[in-house]
Structures are given as structure tokens and as C-alpha cells.
Amino acid sequence: SSGINAEYGDLIEWRQMLDLLWSDPKAALGCEPNTFRGGGTYFGPDISGGILDKHNFKLLIRSHECKPDGYDVVHDGRVITVFSASNYYEAGSNLGAYIKLLPNHKPQFIQFSATENTKQLPLCSRVSKVESSALRDLRTQMFANKGRLLAAFQSHDPEGTGFISMNEWAESMSGVLNLDLPWRTLRSKLAEQEEDTGKIKYATCFTDGNLEGSIANKQVTETIYRQRNILETIFRLLDTDNSGLLSREELRAGCELLAKHNGSISLSSDELDNLVDTMDINKDGEINFNEFLESFRMVDNKFANGNM
């Protein structure tokens, strides 16, 4: 009974961690799942106001959401987002900021840029860089759901012409990706349109070679992309010093935590060293997020080839 209660308590803490990590404020009232991040929620001013009033707090200061000016104030001034990583997407894409609380508890925002030559970029250039990065993320989600998207497109194309209407394309994109985006506006950046008929050549949604690269097992790659948010959450939880890299000690602590909750998982010191050496593709002694992702693909390929 005590073991079950402990596991239930760990599950509650895990869910709370996901909510803290991925939840974002929204302008509308209420609370709903954060479908864009794949975890956490969107919470409105009624939700934040209720919590602040309940605990007699004046402000909710949070982060983990990039803002062009380095900070943002919403919910009648009661919720503040502060983001200290300038140039997060690319050089010149956003300012960083931090908050200094004055004696009257009024927040003072200090903006900065990591390099002098990027902070002078005009707004249009900053928006363009952020847009390019956002489109890359959107294309990644499209590739992660390639099979489902193609099935949705083809359901509107029973004769196999390779073309569907704009409305059918937008409906398929929204339904499969579960993203409320202006698809008709984005179409020119995501798919080709036939000039004479206005129909969408839906196969062109997946012609960006940067997504698939030269990876042989496309099904594995699609699965990895689909689970990217979950893997990123695990990586961040293991990265206890928030350096963006996993050390041997951090990976060892993670493996020990797994062993504690799953008796079938146990690694000796030598086995752990071998695991780190395998995951450390560039052999710098630490594991970055791309190496972490690639390791899952490597393991899947080994199983598929009967080598494990």
C-alpha cells in the first residue's frame, strides 16, 4: 500500500512538473490543453487571478516562453513573462530581459542583447528570423505526422490526382496537427498551388530535404519527431544544472532513479560508461539534445537489425 501511494505521489509530482514547464498564459478565459507544446495548459486571466487571490500574491512571474522584447505583461498586469536568452532563435531574433523589483515591488525591466551587432536589427528583420524558425518547427511537426497527413489528403482525393482544394488542405492540416493557424496564409510557405485551378499539390508539403535528410528508416524518424516534446522534457529533467548538456553524473542519477522505480533496470558503472560513450557522438564527454535524440534512433535500428 505504501509503495503504491509513493508511486502515485511521484506521478502527481511528474504531472505538476509538466504543467510548470509547459503551461502558457492566454488572453481568453478558462483553461485548456497546450496542444502546441504537447504538454501543460493554456490558462486565462480568470485562472491566474483566482490563484493569486487565493494565496494573496501580487504577481506571477514565469519564463520558458520566448518574447521579442524579452518580456511580456498580460492578465491586467498580474502575469509577467521574462525571457533572458537573447537571440534565442537566431542572431537578432529577440532581446533578452531580466526583472529588478523596486522597493515598492514594482517590476523594472532591463533589456539586453548578447552581442552589440545584433541588437540594432530593425523590427522587420527580427520578425523575419522568428518566422523562419517557427516555420522550421511547423515543418518538423508536419513530417512527424506525415503518414496521418497523407491519409487525410488522400481521403479528399479518391482518384489519386495528387491535388485537393484549398479548403480540404486547410481542414486536413488543422485536423491532423490540431493547430489553430491561418493555414491559407501559410500555404505559400508550405505547399505548391496550381495556378489554373487553385488546387493544392499536397505531396509538396514534404519536399523539404532538411527534414528527412539521409536517414534510411523514415518510420523511426517520424516517431522520434512525434515524441520530441516528451524526449525534450526528459532531457531537461535529467539536466539538473540547466547547462543544455548531460554529464555522466546527471545520466547516472537519472538511471539510478529509473532503477529505483523499475527493478528490471540496473546498470553497473562500466555499463553506464559504455552508454555515455555510445550516446556521446562527438566524443566531448557530454551529451547534447541532438545526441540524445539520435541515440533513440540508433537503438531502434539495432533492434530492427537483430543486433541486440
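Since this is a predicted model, take the numbers as computed values, not measurements.

**Considering the overall build of the chain**
The number of helices and strands found in the chain is 12 helices and 11 strands. Across the 308 residues that make up the chain, the buried fraction comes to 32%. Long-range pairs, those at least 24 residues apart, make up 49% of the contacts in the chain with a sequence separation of at least 6. Put simply, the chain shows about 18,700 Å² of open surface, and 53% of that area lies on carbon and sulfur atoms.

**A short note on the packing of helix H4 (residues 146-155) against helix H5 (residues 166-177)**
It is at 9 Å that the axes of H4 and H5 come closest, and there the two elements cross at 145°. As for the relative orientation of H4 and H5, their crossing is right-handed in sense. Contact residues: H4 offers Arg148, Leu149, Ala152 and Phe153, while H5 offers Trp169, Ser172, Met173, Val176 and Leu177. Grouping the constituent residues of the contact of H4 with H5 by class yields 7 nonpolar, 1 polar and 1 charged.

**Quick word on the pairing of strand E8 (residues 107-112)**
Along a regular strand, successive side chains alternate from one face of the sheet to the other. Relative to E8, strand E7 (residues 96-101) is paired through 6 bridges, and the arrangement is antiparallel. Bridge pairing links Tyr98 to Ile110 in E8. Once E7 ends, the chain turns through 5 residues before running back antiparallel as E8, passing His105 with a positive phi of about 70°.

**Here we look at the nonpolar core**
Ranked by internal contacts, the top residues of the largest apolar core, which has 22 residues, are Phe153, Trp169, Met173, Leu177, Trp183 and Leu190. Of all the secondary structure elements, the ones that give two or more residues to this core are helix H3 (123-144), H4, H5 and helix H6 (183-190). At 6 residues, H5 tops the list of elements feeding residues into this core. If we skip the residues at most four places from it in the chain, Leu190 touches Leu135, Leu138, Arg139, Met142, Trp169, Met173, Trp183, Thr204 and Cys205. Counting 13 residues, the second largest nonpolar core, distinct from the first, contains Leu272, Val276, Met279 and Phe289.

**As for the side chain of Asp24**
Relative to the helices and strands, Asp24 is located in strand E1 (residues 24-25). Within polar-contact distance, the side chain of Asp24 engages the side chain of Arg62 at 2.7 Å. Aside from chain neighbours lying at most four places away, what touches Asp24 is Asn34, Arg37, Thr41, Tyr42, Phe43, Arg62 and Glu65.

**Focus on the pattern of salt bridges**
According to the stated counting rule, one finds 6 salt bridges in the structure shown. Where Glu65 meets Lys67, a salt bridge forms, and the shortest distance between an N and an O atom there is 3.6 Å. Between Asp72 and Lys67 there is a salt bridge, with the nearest N and O atoms lying 3.6 Å from each other. Residue classification places Asp72 among the partly exposed positions, given a relative accessible area of 28%.

**Side note on the packing of aromatic side chains**
This model, assessed by the stated rule, comprises 4 aromatic pairs. Pairing Tyr71 with Phe109 gives two aromatic rings, centres 4.0 Å apart and planes at 5°, and the pair type is stacked. Placement of the pair is Tyr71 in strand E5 (residues 71-74) and Phe109 in strand E8, with a sequence separation of 38 residues. Where Tyr98 meets Phe112, the ring centres are 6.3 Å apart and the plane angle is 40°; that geometry is what we call tilted. Note that Tyr98 is positioned in strand E7 and Phe112 in strand E8, a separation of 14 residues in sequence.

**Topic: the environment of Phe143**
The residue Phe143 is located in helix H3 in this model. Sequence separation between Phe143 and Phe206 is 63 residues, and the spatial gap between their C-alpha atoms is 6.8 Å.

**Quick notes on the environment of Val176**
Considering the arrangement of structural elements, one finds Val176 in helix H5. Sequence separation between Val176 and Asn145 is 31 residues, and the spatial gap between their C-alpha atoms is 7.6 Å. Apart from the residues lying within four places of it in its own chain, the contact partners of Val176 are Asn145, Arg148, Leu149 and Ala152.

Analysis parameters
Residues numbered from 1 in each chain as written. Predicted model: local features only at pLDDT ≥ 70, side-chain atom pairs only at ≥ 80, totals over all residues. Heavy atoms only, no water. Helix = DSSP H or I, 4+ residues; strand = E, 2+ residues; numbered from the N terminus. Buried < 20%, exposed > 50% of the residue type's maximum accessible area, 1.4 Å probe, protein only. Contact = heavy atoms within 4.5 Å. Areas by Shrake-Rupley, 256 points an atom, 1.4 Å probe, with all protein chains shown as cover. Axes fitted to C-alpha atoms, helices over the stretch in contact; angles between N-to-C directions. Left-handed = near helix turned anticlockwise from the far one by under 90°. Nonpolar A, V, L, I, M, F, W, Y, C, P; charged D, E, K, R; others polar. Pairing = 2+ DSSP bridges. Core = buried A, V, L, I, M, F, W, Y, C linked by side-chain atoms within 4.5 Å. Polar contact = N/O pair within 3.5 Å; in protein donor to acceptor, adjacent residues only side chain to side chain. Salt bridge = Lys/Arg side-chain N within 4 Å of Asp/Glu carboxyl O. Phe/Tyr/Trp six-rings, centres within 6.5 Å; stacked < 30°, edge-to-face > 60°.

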